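Working through the structure, step by step
Each chain is listed here by its residues.
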Amino acid sequence: MTFAANQSFSAIRAELCMPEFVRRRMDAHYVTRVQQLLGGEHLHVWKPAEAGAVMLASNDYLNISNHPHLLAAQARSLLGSQSGMLMSSVFLQEGSSQHRLEAKFAAYMGAEDGVLAQSGWAANVGLLQTLAGPGVPVYLDMMAHASLWEGVQSAQAIGVPFLHNDPAHLERQVDKQGAGIIVVDALYSTNGSVAPLQRVVEIAERSGSILIVDESHSLGTHGPRGAGLVAQLGLTERVHFRTASLAKAFAGRAGFLTCSSQFKGYFLSASRPAIFSSCLLEHELAWFDAALDFISAADAQRAALRDVTTQVREGLRGLGYNIDDGSEQIVALEAGPEPKTLVLRKALERRGIYGAVFCAPATAKNRSLVRLTLNAGLSAQQIARLLDACADMRHEVDLEGWSSSKRQHRLTLV
Ligand SMILES: Cc1ncc(COP(=O)(O)O)c(C=O)c1O
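Residues numbered from 1 in each chain as written. Predicted model: local features only at pLDDT ≥ 70, side-chain atom pairs only at ≥ 80, totals over all residues. Heavy atoms only, no water.

**So, the site of the ligand**
What counts here: For each residue, the test is whether any non-hydrogen atom lies within 4 Å of the molecule or strand; if one does, the residue is near. Here a polar contact is taken to be a pair of N or O atoms separated by no more than 3.5 Å, where protein atoms must pair a possible hydrogen donor with a possible acceptor and residues adjacent in sequence count only if both atoms sit in side chains. All accessibility values rest on the Shrake-Rupley procedure with a 1.4 Å probe; residue burial counts only the protein chains present in the view. Runs of H or I in DSSP of at least four residues are treated as helices and runs of E of at least two as strands, each being numbered from the N terminus. Side-chain classes follow a simple rule in which Ala, Val, Leu, Ile, Met, Phe, Trp, Tyr, Cys and Pro form the nonpolar group, Asp, Glu, Lys and Arg form the charged group, and the remainder, Gly included, forms the polar group.
Around the ligand, 14 residues are found, and the nearest of them are Gly-120, Asp-214, His-217, Ser-245 and Lys-248. Note that a nitrogen atom of the ligand is positioned 3.2 Å from one of the side-chain N or O atoms of Ser-216. In this structure, His-217 approaches the ligand through a side-chain N or O atom, which is 2.7 Å from an oxygen atom. In the complex, the protein chains occlude 84% of the 390 Å² of accessible area that the ligand would expose alone. Element by element, the count of residues in the shell around the ligand is highest for helix H5 (residues 120–131), at three residues. Considering only residue class, the shell around the ligand consists of two nonpolar, nine polar and three charged.

**Quick look at the packing of aromatic side chains**
Cut-off, in case you're wondering: Any Phe, Tyr or Trp ring, taking Trp's six-membered ring, that has another such ring centre within 6.5 Å forms a pair; planes under 30 degrees apart are called stacked, those over 60 apart edge-to-face, and the others tilted. Classification of residues uses two cut-offs on accessible area relative to the type maximum, computed with a 1.4 Å probe and protein chains only: under 20% is buried, over 50% is exposed, and between them is partly exposed. Two conditions define a charge sitting above a ring: the NZ of Lys or the CZ of Arg must be within 6 Å of the ring centre, and it must be within 35 degrees of the ring normal.
By the definition in use, this model includes eight aromatic pairs. Here the aromatic rings of Phe-105 and Phe-250 are separated by 5.3 Å at their centres, their planes lie at 55°, and the arrangement is tilted. With Phe-105 in helix H4 (residues 97–108) and Phe-250 in the loop between strand S7 (241–245) and strand S8 (255–259), this pair connects stretches of sequence that are 145 residues apart. Residue Phe-105 shares its accessibility class with Phe-250, and that shared class is buried. The rings of Phe-105, Tyr-108, Phe-250 and Phe-256 are connected pair by pair, giving a single aromatic cluster. Lying across the ring of Trp-46, Arg-345 places its NZ or CZ 5.6 Å from the centre.

**A short note on the pattern of salt bridges**
Basically, it comes down to this: We define a salt bridge as a contact between a side-chain nitrogen of Lys or Arg and a carboxyl oxygen of Asp or Glu at a distance within 4 Å.
Counted according to the given criterion, the structure contains 22 salt bridges. The residue Glu-20 makes a salt bridge to Arg-24 at a minimum N-O spacing of 4.0 Å. Separated by four residues within a single helix, Glu-20 and Arg-24 lie in helix H2 (residues 20–37), roughly one turn from each other. Between Asp-175 and Arg-206 there is a salt bridge; the shortest N-O distance is 3.2 Å. Residue Asp-175 is found in helix H7 (residues 167–177), and its partner Arg-206 is found in helix H8 (residues 197–207); the two are separated by 31 residues along the sequence. Take Asp-175: its relative accessible area is 52%, and that puts it in the exposed class. A single network of salt bridges, built from pairs that share partners, joins Glu-171, Asp-175, Arg-199 and Arg-206.

**Notes on unusual backbone geometry**
Across the junction of Ala-360 and Pro-361, the peptide omega takes the value 10°, indicating a cis bond. Tracing the sequence through the fold places Pro-361 in the loop between strand S11 (356–358) and strand S12 (368–373). Residues other than glycine seldom take positive phi values, yet Asn-63 does so here, at roughly 60°. Within the secondary structure, Asn-63 is located in the loop between strand S1 (54–55) and helix H3 (68–79). Residue Ala-251 is not a glycine yet carries a positive backbone phi of 55°.

**Side note on the packing of H4 against helix H12 (residues 282–296)**
For clarity, the threshold we go by: Here the axes come from fitting lines to C-alpha atoms, over the contacting stretch only for helices, and the angles between their N-to-C directions go from 0 to 180 degrees. We call two directions roughly parallel when the angle between them is under 35 degrees, roughly antiparallel when it is over 145, roughly perpendicular when it lies between 65 and 115, and oblique otherwise. Crossings are classed by handedness, with left-handed meaning an anticlockwise turn of the near helix from the far one by less than a right angle and right-handed meaning a clockwise turn. Any pair of residues with heavy atoms lying within 4.5 Å of one another is described as a contacting pair.
Relative orientation of the contacting elements H4 and H12 amounts to 25°, with a least axis distance of 10 Å. As far as their axial angle goes, H12 and H4 are roughly parallel. Crossing of H4 against H12: the hand is left-handed. Contact residues: H4 offers Ser-97, Gln-98, Leu-101, Lys-104, Phe-105 and Tyr-108, while H12 offers Glu-282, Leu-285, Phe-288, Asp-289, Leu-292, Asp-293, Ile-295 and Ser-296.

**Focus: the state of the cysteines**
Put simply, the test is: Cysteine sulfur atoms that pair up within 2.5 Å are treated as a disulfide.
Considering all chains together, one arrives at zero disulfides under this definition. Note on Cys-259: no disulfide assigned, nearest cysteine sulfur contributed by Cys-279 at a separation of 17 Å. Take Cys-259: its relative accessible area is 5%, and that puts it in the buried class. Judged by its relative accessible area of 11%, Cys-279 is buried.

The analysis is restricted to geometry; functional conclusions fall outside its scope.
Structure follows, in structure tokens:
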């Protein structure tokens, strides 16, 4: 037996003796959820896609991940002499390539300064941790990304949820609990809905609260040169912090947050992900540098994405799918209970359409869905294939019985 095989054998044996408090949780997953609820199948396990399948799971909205200029820029960096330093960004020297790229991203977004993080998750957790603390109310839209909730937990602050895209409810919560930190996504990752940013800004200003807007799904795709929805609405000077995952339109692995230069100095000595986790590598910076040039000039790709979005949304609406929770390039087919979403996933898969399953904890328990992420590179044939599949499978997936269809039905009765 090889050394590696030996190692894995002893690891498995150790797992057999897992204490009861973990075993119970694993049973809730494997026994209650997978075996009893889903008949032994796993919601996330798609079959390998055949050639020609329509892939709608990636967040590469502008379809740039295989762009030869960007790959060449990254390859030059990888093969060049600059290997970068394996260390925390706290130790970067003044004028380093990361600092130069941070200034370039900040200028693009119309901000004084900014910080590159290892991921959108690290940017959000680090930011909330440096702003909030015990006793500070943090008002989060119920659909705000999990990384923002995680930041509240790690700051030991008080998370106060408000109803999705409901500024009146936010206002009531703020009036009750006082000034704090308001947190929204500009464009929500589950269903493609857009935050009422103007109203949220007014509530933040009136109450003296800090405002954080996560632009992960709108940076690159929305606003002037792709600078995001806050920029599009002329609100850059009224939003304290904007954060973004660069694993969406920017098609790499990093995160960014805008801030003042003074805040940046504080952040770098207070944010635990910034201090205790290694910084980005040179070839990753080279990718983002080239991607930023490309994306700021990519009006044609942004227009193509809008066009694809309109075609798909109108087509699905015409077929009787309730997709009216959202309006942008993320489209939720919300079947509801997990067994229904499993049937939906398999029906799509059989027709060569691949999306992403979202279920608890990413959605409420009985509002699971398949998310279709559109991109600027989708051809007319691919859109037709998607719509044909959705037309064909309506009976098979029991569209009438979906939670989203029932909601629509109730609304039309009112
Ligand atoms: C709105 C939002 N914020 C933050 C993140 C985290 O980003 P990353 O994947 O770069 O950690 C995501 C990723 O799913 C997201 O959708």
